[in-house]
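# Summary of the model geometry
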Amino acid sequence: TLNAKNPPLNDPGVTMTSTELVEALEVLDSGVPTLRCSWGVPSDYGLASNVTITTPAQASGLTKAMRDRGFSCSESAGETRCELSENFSDPVGAAGETHVLRGNIWVATHWLNFAPDGYTEDIVEQLFGRACVRRMSAILPARSTPPML
């Protein structure tokens, strides 16, 4: 479980946001309904996620901003998934973001040296059901997740 791998859930000291994309932070700061959770303690290891209700215009703007910033995006069955990850050498590590937009729901995750396999898929499954996850898995290429440090 996540709690065993990187406890605790929702440590009050964790300030990591679910994205570093300015346009996305502006949407979150606009007062849209959102649920936030984080895993880990203040450190260089953890993740933060939001599930947010957006307007169609906000969702469209988010997708455009992600594509403009070099996120890899794919679409299927009314759902858009965008990902971006990077490795760095000083200090050694990896970071990334995964976003799923479906209807007026936006799932955003930002991770730092901790990218559990299936994490975003599990959130999407809880929100929309297993059939949605099977469709998403069928269109996505197998991805290589950076090692957890």
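See the structure printed just above.
Here's a quick rundown of the structure. Only a predicted model underlies this, so the values are computations on that prediction, with no experimental measurement involved.

### Thoughts on the nonpolar core
Proteins that are soluble and globular tend to have nonpolar side chains buried together. Counting 14 residues, the largest nonpolar core has L21, L62, M66, L101 and W106 as the members making the most contacts within it. Of all elements in the fold, only α2 (22–29), α3 (56–68) and β6 (105–112) reach the threshold of two or more residues within this core. If we ignore the near neighbours within four places in the chain, the residues touching L62 are E23, A24, V27, T54, L101 and W106. Residues A94, Y119, I123 and V124 belong to the second largest nonpolar core, which totals 13 residues.

### Re the sheet that holds strand β2 (residues 46–53)
In a beta sheet, neighbouring strands are held together by backbone hydrogen bonds and run either parallel or antiparallel to one another. Pairing in this open sheet of six strands is antiparallel, and the strands run β1-β2-β6-β5-β4-β3 from one edge to the other. Looking at the sheet topology across the chains shown, the edges are occupied by β1 (34–39) and β3 (72–76). On average, each strand axis in the sheet is tilted by 10° relative to the strand beside it, whichever way the strands run. Across eight bridges, strand β5 (residues 92–102) lies against β6 in antiparallel orientation. Across the sheet, L101 pairs through a bridge with W106, a residue of β6. On the sheet, α2 packs against β1, β2 and β6 and is oriented at approximately 120° with respect to β6.

### Overview of the state of the cysteines
One pass over the structure, following the stated rule, counts one disulfide. The disulfide partner of C73 is C82, and the S-S distance across this bridge is 2.1 Å. When the S-S torsion is 115°, as for the bridge of C73 with C82, the disulfide is right-handed.

Calculation rules
- Residues numbered from 1 in each chain as written.
- Predicted model: local features only at pLDDT ≥ 70, side-chain atom pairs only at ≥ 80, totals over all residues.
- Heavy atoms only, no water.
- Core = buried A, V, L, I, M, F, W, Y, C linked by side-chain atoms within 4.5 Å.
- Buried < 20%, exposed > 50% of the residue type's maximum accessible area, 1.4 Å probe, protein only.
- Helix = DSSP H or I, 4+ residues; strand = E, 2+ residues; numbered from the N terminus.
- Contact = heavy atoms within 4.5 Å.
- Pairing = 2+ DSSP bridges.
- Axes fitted to C-alpha atoms, helices over the stretch in contact; angles between N-to-C directions.
- Disulfide = S-S within 2.5 Å.

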